[in-house]
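Here are the chains, one letter per residue:
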Amino acid sequence: MSNRKRALSLAVIGIFFVTTLVYYVSPQRTQAQQQAQIPQTGQSDREKLAKNPPPSGTLKDRLGKDDGYAMTLFFSADIGGNLEVCGCPIRPLGGIARRLGYINAFRQRSPDAATIMVDAGHIFSDETSENGELNADAKLMNDWIIRANEQMDLAVVNLAHRDLKYAARLFDANAVLKPEKSALISANIKKPNLNLAPYTIKTVTAKRLKKPVRLAFIGLSELPPDDKKDAFAKQGFSFEDPLETAKNTMAEIKDKADINIIVGYFKPGTANKLATQNNDLDLIIAYDERGFVHDPKQVNNALILYASHQSKYLGELRFYADARGEIENFTNRYVELDSVIPDDPAMLETTKKARAEIGIVQQRMAEELAAAHAAKGNQTSIYVTSETCAKCHQDEYDKWKQTRHSHAFAVLEAKNRAFDNACVGCHSVGFQKQGFLNIKATPQFANVQCESCHGPGAEHAAKPQKGLYKTPSTPSMCITCHDRENSPDFVFAKYWPLIAHGGK
Ligand code: HEC
Ligand code: HEC
Ligand code: HEC
Ligand code: HEC
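It should be emphasised that the depicted structure is a prediction, and the values quoted were computed from it without experimental measurement.

What counts, and at which threshold
Residues numbered from 1 in each chain as written. Chains lettered and ligands numbered in written order. Predicted model: local features only at pLDDT ≥ 70, side-chain atom pairs only at ≥ 80, totals over all residues. Helix = DSSP H or I, 4+ residues; strand = E, 2+ residues; numbered from the N terminus. Buried ≥ 20, exposed ≤ 12 C-beta atoms within 10 Å, placed from the backbone. Contact = placed C-beta atoms within 7 Å. Domains from an automatic or database assignment. Near = placed C-beta within 6 Å. Nonpolar A, V, L, I, M, F, W, Y, C, P; charged D, E, K, R; others polar. Pairing = 2+ DSSP bridges. Axes fitted to C-alpha atoms, helices over the stretch in contact; angles between N-to-C directions. Core = buried A, V, L, I, M, F, W, Y, C linked by C-beta atoms within 7 Å. Parallel < 35°, antiparallel > 145°, perpendicular 65-115°, else oblique. Arc of directions from axis to C-beta. pLDDT = per-residue confidence, 0-100. Left-handed = near helix turned anticlockwise from the far one by under 90°.

*Asks:* Quick rundown of the overall build of the protein? Include the residues and the values.
*Replies:* Looking only at helices and strands, one finds 17 helices and 14 strands in the protein. In the protein, which comprises 504 residues, the share counted as buried stands at 39%. Relative to all contacts within the protein whose residues are 6 or more apart in sequence, the contacts with residues 24 or more apart total 71%.

*Asks:* Give me the lowdown on the domain arrangement of the protein, citing residues and values where you can.
*Replies:* Domain annotation of the protein identifies domain 1 (2–6 + 13–36 + 44–61 + 70–343) and domain 2 (357–499). For domain 1 and domain 2, the distance between their C-alpha centres works out to 35 Å.

*Asks:* Lay out the site of ligand 3 in plain terms, naming residues and giving numbers.
*Replies:* Taken together, 18 residues surround ligand 3, and among them C389, C392, C450, G457 and P464 come closest. With three residues, the single largest contributor to the shell around ligand 3 is helix α15 (residues 450–454). Looking at side-chain class alone, the shell around ligand 3 contains eight nonpolar, seven polar and three charged residues.

*Asks:* Please provide a residue-by-residue account of the pairing of strand β7 (residues 213–221), values included.
*Replies:* Consecutive side chains of a regular strand alternate in pointing toward one face of the sheet and then the other. For β7, the buried fraction is high: eight of the nine residues fall into the buried class. When strand β6 (residues 199–204) meets β7, the two strands line up antiparallel, connected through six bridges. Pairing of K202 across the sheet is with L215, part of β7. The pairing of β7 with strand β9 (residues 259–266) spans seven bridges and is classified as parallel. Paired with F217 across the strands is I261, a residue of β9.

*Asks:* Residues and numbers for the site of ligand 1, please.
*Replies:* In the vicinity of ligand 1 lie 25 residues, with C88, V411, C423, C426 and S487 positioned nearest. Looking at the shell around ligand 1, the elements that each hand over two or more residues are α13 (410–414) and α14 (421–424). Class assignment for the residues of the shell around ligand 1 results in 13 nonpolar, six polar and six charged.

*Asks:* How would you sum up the sheet that holds β6? Please name residues and give values.
*Replies:* Spatial strand order, β6-β7-β9-β10-β12-β11: six strands in an open sheet with mixed pairing. Of all strands in the sheet, those bounded by a partner on one side alone are β6 and β11 (297–299). Strand-to-strand twist across the sheet, computed as the mean angle between neighbouring axes with direction ignored, equals 25°. Relative to strand β12 (residues 302–306), strand β10 (residues 283–288) runs parallel, the two being bridged by four bridges. Paired with L283 across the bridge in β12 is L303.

*Asks:* Describe the sheet that holds strand β13 (residues 313–321), naming the residues involved and giving the relevant values.
*Replies:* Pairing in this open sheet of six strands is mixed, and the strands run β4-β3-β2-β1-β13-β14 from one edge to the other. The open sheet terminates on both sides in strands that have one partner only, identified here as β4 (183–185) and β14 (327–336). Adjacent strand axes in the sheet meet at a mean angle of 20°, parallel and antiparallel pairs treated alike. One ladder, built from six bridges, connects strand β1 (residues 71–76) with strand β2 (residues 114–119); its direction is parallel. Bridging from a neighbouring strand, L73 pairs with I116 of β2.

*Asks:* I'd like to hear about the nonpolar core, residue by residue, with values.
*Replies:* Generally speaking, soluble globular proteins have nonpolar side chains that are buried together. Formed by 95 residues in total, the largest nonpolar core has its most connected members in V118, F217, I284 and I285. When residues in this core are grouped by element, the largest group, seven residues, is from helix α5 (residues 136–152). If sequence neighbours within four positions are ignored, V118 has contacts with L73, F75, A155, V156, F217, V263 and I285. Listed in part, the 17 residues of the second largest apolar core include A366, L412, V424 and A446.

*Asks:* So, the packing of helix α4 (residues 96–109) against helix α10 (residues 345–375): which residues are in play, and what are the values?
*Replies:* Running from N to C, α4 and α10 point in directions that differ by 170°, and their axes come no closer than 8 Å. Compared by their axis directions, α4 and α10 come out roughly antiparallel. Touching I96, A97 and L100 of α4 are M347, L348 and T351, all from α10. Along the lines of polarity and charge, the residues of the contact of α4 with α10 split into five nonpolar, one polar and no charged.

*Asks:* How would you sum up helix α8 (residues 242–252)? Please name residues and give values.
*Replies:* Of all the residues in α8, the buried ones are P242, T245, A246, T249 and M250. An end-on view of α8 places all buried positions within 130° of arc, on one side of the element. Among the exposed residues of α8, those oriented more than 90 degrees off its buried face are E244, N248 and A251. Looking at the buried side of α8, the elements it contacts are β6, β7, β9 and α9 (270–277).

*Asks:* Describe the confidence of the model for the protein, naming the residues involved and giving the relevant values.
*Replies:* Per-residue pLDDT for the protein averages 88, and the proportion of residues at 70 or more is 90%. The model gives residues 2–43 a pLDDT under 50, and that stretch makes 87 contacts with residues more than four places away or in other chains.

*Asks:* Explain the pairing of β13 to me, and be specific about the residues and the numbers.
*Replies:* Most of β13 is tucked away, with eight of its nine residues classed as buried. In terms of strand pairing, β1 meets β13 through five bridges, oriented antiparallel. When the bridges of β13 are listed, L73 appears paired with L317. As paired strands, β13 and β14 are joined by nine bridges and run antiparallel to one another. In the strand pairing of β14, R318 is matched with T331. Once β13 ends, the chain turns through five residues before running back antiparallel as β14, passing G325 with a positive phi of about 95°.

*Asks:* Describe the environment of D61, naming the residues involved and giving the relevant values.
*Replies:* Among the secondary structure elements, D61 is positioned in helix α3 (residues 59–63). The exposure class assigned to D61 is exposed, which follows from the 12 C-beta atoms found within 10 Å.

*Asks:* Can you lay out the packing of α8 against α9 for me, pointing to particular residues and giving the numbers?
*Replies:* Orientation of α8 relative to α9, taken along the N-to-C sense of each, is 35°, at an axis distance of 10 Å. As for how α8 packs across α9, the hand of that crossing is right-handed. Mapping the contact onto sequence places P242, L243, A246 and K247 in α8 and T270, K273, L274 and Q277 in α9.

*Asks:* Hey, could you go over α9 for me, with residue numbers and the actual values?
*Replies:* Listed as buried for α9 are T270, A271, L274 and A275. The buried side chains of α9 occupy one side of the element, clustering within an arc of 135° when seen end-on. For α9, the elements touching its buried residues are α8, β9, β10, β11 and β12.

The structure is reproduced here in structure tokens:
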């Protein structure tokens, strides 16, 4: 930035702590639901459990004041191949359609200001199977990420080490899907014949800018964890030290841009070191591997901003220009992407199309796994299902049957996520630990069952002895599933009475 004279105002506004959209699964019942004869305990119970009022305010509130900004940079990270809102839809946040819905409203409100979108990394899913290959559904999810990026004009994508499993194939000569509008960058990831740009310079113009502004984006990734290094080396990737690379690349772009920005996927501390070691740096847009949202921070001449976990909060950095058209300061806010923000209709269509295709692939994968599982013949499990427990604990069983735990899988079917490994673990028993595998292979282990909480019960059921089987400790066991993300309203004292049994 010119003369490095800068009045920096750090405003972290717009974290709206509005919460808890209380709604219930769609009325279209799946076959499984009809068969299961769901007890009607759901709706009113869930409302009683709600801790926070539903989201309030309007889109206009969210947009904030038009305070004369000339340009806005929106930043995201940690999408991990997911176009949709995150986690359980108790209080859904994030999603590409909402993100674009917000940005479009922002653009409409100030069409004479510029906007640009960047992503700091881990945009692709890196879910692999045992043989180390990217899962078929992960690959498809990532293909859809590319399409969505193009659709919304995502200008810059920094590749993190986690992105390489998928991203490497984008550079194949015969790759079908090639990003055209997004620049994929990394300055410190190397591979022979891989034409990965270390940086990109975007020239931004707008009525509110007296002259074009050149933004340089340098991409950097943390080194991969030690246990992944060999696998990367086998694929031909090598990683240079991000701090060293930054210094060299900064020298390379000297005088080529008006604003120098590092976009990076980092472990704690790296961003601070980069700011300290590079005096010409203006901005660092980072994702911290730990995933917390950290407050913006001025270090040396650079402002460090962190993108939020799964981009549930969209980063919004506004630039203001002086009379000569030089950028003189920024303000930053995070916009909570909750249900007040309307979906962009076209992107919502894309998201739905993607979900339908991904659902088909996930179902096919489940069928293949089920066939392989069946081919192994009868297998004993450490789990026996609630039906077995019922033989000796009828009262507890009857009580459980009336709770939503006993049919917790149905909500996934209603959302077309029954084959999604990102969802099934908490809606079943013993996932991938001799219990639930998928709904085709092990339907008996669907739903939250006695053993989801009490632990594997085969031994106890075969030879019940007082004092040997687990009575789980609460609430710590509950929050393995009722975590902040998926059960934001969880308060043990309010939840337990709804499922109380065992005489207490
Ligand atoms: C970490 C555990 C966990 C994961 C992973 C998880 N869920 Fe859930 N889910 C829960 C819990 C706990 C509840 C009950 C929350 C409550 O009532 O407070 C729930 C409730 C739901 C509900 C009912 C919501 C309502 O409005 O009553 C739906 C639908 C749902 N989950 C879908 C999903 C989908 C789709 C995914 C995958 C994207 C998923 N879940 C992943 C734990 C999980
Ligand atoms: C959501 C978790 C959860 C599920 C599901 C669950 N339980 Fe429990 N269960 C608990 C907890 C927690 C306690 C201890 C309650 C306490 O200490 O007040 C308990 C207590 C009990 C007790 C009394 C234990 C004692 O020490 O006296 C029995 C028996 C029992 N459960 C059986 C079952 C059976 C049978 C099922 C399935 C039909 C089941 N539970 C389902 C969490 C669960
Ligand atoms: C064959 C009968 C039988 C089956 C099947 C059975 N239990 Fe039990 N269970 C018992 C008996 C008997 C006790 C001891 C009761 C007592 O003396 O208080 C017991 C005790 C318990 C306790 C109290 C903890 C303890 O060790 O005292 C829990 C919790 C429990 N069972 C849960 C389950 C669950 C969950 C299942 C299914 C996985 C199950 N039981 C299956 C007979 C059975
Ligand atoms: C294995 C994951 C898991 C564990 C462990 C778990 N839950 Fe749940 N719980 C769920 C899911 C999933 C749902 C949502 C089911 C649905 O909406 O269909 C749920 C829903 C509930 C509900 C709403 C039930 C209703 O009938 O309205 C209550 C209350 C609840 N859980 C209490 C607890 C308590 C208390 C504990 C600990 C003792 C616990 N849960 C442990 C997964 C879990």
